[in-house]
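Residues per chain are reported as follows:
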Amino acid sequence: MKRFRLSFLLTGALAASAFFFAAPVLSVDAIAAATTGAPAAGSPAAGSPAAGSPAAAIPPAEPPAAGAFAVEPPAIMPGTEPMPSWFIGSAPSSDAQVAVSTLADAESQGLNPRDYGAAELAQAIKNASQRPPAPDALARLDAALTAALERYLTDLTHGRLSPEVLKHRFKAPPPNRFDARTYILEARRAGRLAEALDGAEPRVPMYAAIRSAMNAYRAMGDHPAWRTPLPPLPARSLKPGERYGGLPVLAARLAALGDLPVAVVPGDLYEGMLVEGLRRFQARHGLEPDGVLGAGTLAQLNVSPAQRVEQMALTLERLRWTPLLYAPRMVVVNIPEFVLRAYELRGEGVELKLEMRVVVGRALDTRTPIFLEDMRFIEFSPYWNVPRSIARGETLPRLRRDPAYFTQQGFEFVTPDGAVVDSLSGEAIDAVQRGEWRIRQRPGPRNALGDIKFIFPNDQNIYLHHTPTPQLFARARRDFSHGCIRIESPVALARFVLQNRPDWTEERILQAMQKGKSSTLRLDEPIPVLIAYSTAVVKDGGKVYFFPDIYQQDARLAQALRNARPVQS
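Note that this is a predicted model, so its numbers are computed, not measured. Per chain, residue numbering runs from 1 following the sequence as it is written. Where totals are concerned, whole chains, interfaces and linings use all residues; where local detail is concerned, this predicted model gives features only for residues with pLDDT of at least 70, and gives and counts side-chain atom pairs only at 80 or more. Hydrogens and waters are ignored; side-chain quantities use all the structure's heavy atoms.

### Notes on empty space enclosed by the protein
What counts here: In this analysis, the protein atoms alone were mapped onto a 1 Å grid. Cavities are point sets where a 1.4 Å probe fits without being able to get out; pockets are open sets with protein on both sides within 12 Å along at least five of seven lines; lining residues have an atom within 4 Å of a point. Grid points are joined across faces, edges and corners, and a volume is the space filled by probe spheres set on the points. For this scheme, ten residues count as nonpolar: Ala, Val, Leu, Ile, Met, Phe, Trp, Tyr, Cys and Pro. Four count as charged, namely Asp, Glu, Lys and Arg, and the remainder, Gly too, count as polar.
Throughout the structure, instances matching the rule amount to four cavities of 30 Å³ or more. Size it by volume and the second largest cavity reaches roughly 40 Å³. Considering the residues around the second largest cavity, the lining is formed by G286, P336, F338, A476, R477, F547, P548 and I550. Classifying every residue of the lining of the second largest cavity by side-chain character gives six nonpolar, one polar and one charged.

Have a look at this one:
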């Protein structure tokens, strides 16, 4: 079993919570005005307000309004301890240097330094160290630096967006609101601001690993392996043993990404270690690791390190507001990876207890939603109540074409009063079509839910279940369902869910699954089930894996961030 050591901050980073600061980014001119006393560009000269303007009534010595700053300085409640100045006399303190350095390095956390006016604040601090600003300008700069650092810490711990913006349905208990001002104040009082800022990132599984991978890709910069394009393939695909003029570029990219030893020099044929390197690349990018260079693999090879940095930054954003362990145990399904994991809290650590493949909803038309609910029941040998949309769109047309399908699949009709009709007729089909009757599949080897169903009640009728078609788990891409999630190892999951019930042995679980008679077990303790979405994952000893954005959720998140934090000119 794998074990992640964590210092859990259950007061903020482990539950879905985020909010916006509405103020725009601090302009260079506003900073300059605050630190030198010069007017901002486009404003009247100092001491010469436009006639009739509101500024004409303000004495020249009065400082500009707080709204001139990028991040609006927060109102200080009566009785609140004021923030110590970032200056000693008129000279920037070491804490000020730490603060501006942290803001300038926001990209290392997947954040945008422009959101905090990092470059402008750094220049203002530099100006102040060379030429003491006027007292009112110093006060404005003091407040601006505090506000920017508070905003950075809130973004870092809670995220820049609420998951509701993307219509994610998270119902984790709300955290105690992270008080960035108090966090900064206490750190400065203790003389440990640098340590506190370094330790503020979310303590959630995989955050540090994704961040480390992201910064490794950032360090690649404009890598020469991506300056030269890969030439078109000689045919629909490149197979081992064939010639290809792009082999030197292919080898350079695989070596840069760690999938091929740097010392490998390609020959005239695509073979040997180059094929093995491509297989490793394919395995890390959600592709069939067949060693064949086709259109899908070529597309992934053409994604630059800078684009991967953006992808991992989006993953970090999701980790900030995705609800994780707030209960002793939790089940998490990552849709793009097609994987389910089960976790358990152990002291300050999170232990990975179980991992298996899953099949999720089709990207084209039946996507699995992203949400969090509590698992409360297990149904053994379940009936499958065919959803009305599937009945009308698939099952009823098939029955009209092939009446034998009714008996072959073990279907039956259920009337409004609960009576069961086990014979096929046109009247019964029409009654289901009108929504008066329903159709269901009896427990058995052909049942679409397999022999077990894990129920976490939700308004979209999504659940985990086994399947009579396990061969689909061998595919690299596994979005084949109508929205529910098919699991590869149902007995293992049942044992995890029922581990506090020693009377439910593996033998008893199997007997209930194979009984052929439906029975439902209520769980003594609900287990949260999180349907999550992450296209970048670190596993297998530190390797970073990338998966296609099958539901376009990364694209939506990137657009939402652009809308919330437009780039300032």
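After presenting the structure, the write-up continues.
### Here we look at helix α3 (residues 118-130)
Stated precisely, the cut-off is as follows: Secondary structure elements follow DSSP: runs of H or I of four or more residues count as helices, runs of E of two or more count as strands, with numbering from the N terminus. One fewer than the residue count of a helix, multiplied by 1.5 Å, yields its expected span. Whether a residue is buried, partly exposed or exposed follows from its accessible area with a 1.4 Å probe, protein chains only, as a fraction of its type maximum: under 20%, in between, or over 50%, in that order. To obtain the arc, one takes the directions from the helix axis to the C-beta atoms.
Compared with the 18 Å implied by 1.5 Å per residue over 13 residues, the 19 Å span of α3 between its first and last C-alpha is a close match. Of all the residues in α3, the buried ones are A118, E120, L121, A124, I125 and A128. Projected down its long axis, α3 shows its buried positions confined to an angular sector of 165°, all on one face. Within α3, the exposed residues directed more than 90 degrees away from the buried face are A119 and Q130.

### Some words on the nonpolar core
Put simply, the rule is: The set of buried Ala, Val, Leu, Ile, Met, Phe, Trp, Tyr and Cys residues whose side-chain atoms join them within 4.5 Å is what this entry labels a nonpolar core. Whether two residues touch is decided by their heavy atoms; if any such pair falls within 4.5 Å, the residues are in contact.
In this structure, W86, L103, L145, Y152, L250, L293 and M312 are the most contacted members of the largest nonpolar core, which totals 69 residues. Counting residues per element, this core draws most heavily on helix α4 (residues 135-158), which supplies nine residues. The residues contacting L293, other than those within four sequence positions of it, are L233, S237, L238, Y244, L250, L278, L298 and L301. Counting 58 residues, the second-largest nonpolar core is a separate cluster that includes L354, F380, L498 and I531.

### Remarks on unusual backbone geometry
Unusually for a residue other than glycine, N461 sits at a positive phi of about 55°. For Q552, which is not glycine, the phi torsion reads 60° and is therefore positive. Within the secondary structure, Q552 is located in the loop between β18 (543-546) and α17 (553-564).

### Re the packing of helix α11 (residues 305-321) against α17
This is how it is decided: To get an axis, a line is fitted to the C-alpha atoms, and for a helix only the part in contact is used. The angle between two axes follows their N-to-C directions and goes from 0 to 180 degrees. Small angles under 35 degrees read as roughly parallel and large ones over 145 as roughly antiparallel, with 65 to 115 read as roughly perpendicular and the rest as oblique.
Packing of α11 against α17 brings their axes to within 10 Å, and their N-to-C directions diverge by 80°. One way to sum up the angle between α11 and α17 is to call them roughly perpendicular. The residues of α17 that touch α11, namely those facing Q311, L314, E317, R318 and W321, are Q553, D554, L557, A558 and L561. Class assignment of the residues belonging to the contact of α11 with α17 gives a composition of five nonpolar, two polar and three charged.

### A closer look at the pattern of salt bridges
Convention followed: Salt bridges are defined by distance alone: a side-chain nitrogen of Lys or Arg within 4 Å of a carboxyl oxygen of Asp or Glu.
Counted according to the given criterion, the structure contains 33 salt bridges. A salt bridge links D374 to R376; the shortest N-O distance between them is 3.6 Å. Three or more residues joined by partner-sharing salt bridges are found here, namely E337, R341, E355 and K539.

### Overview of the side chain of D155
Note that D155 resides in helix α4. The residues contacting D155, other than those within four sequence positions of it, are L111, Y116, R160, R320 and R565.

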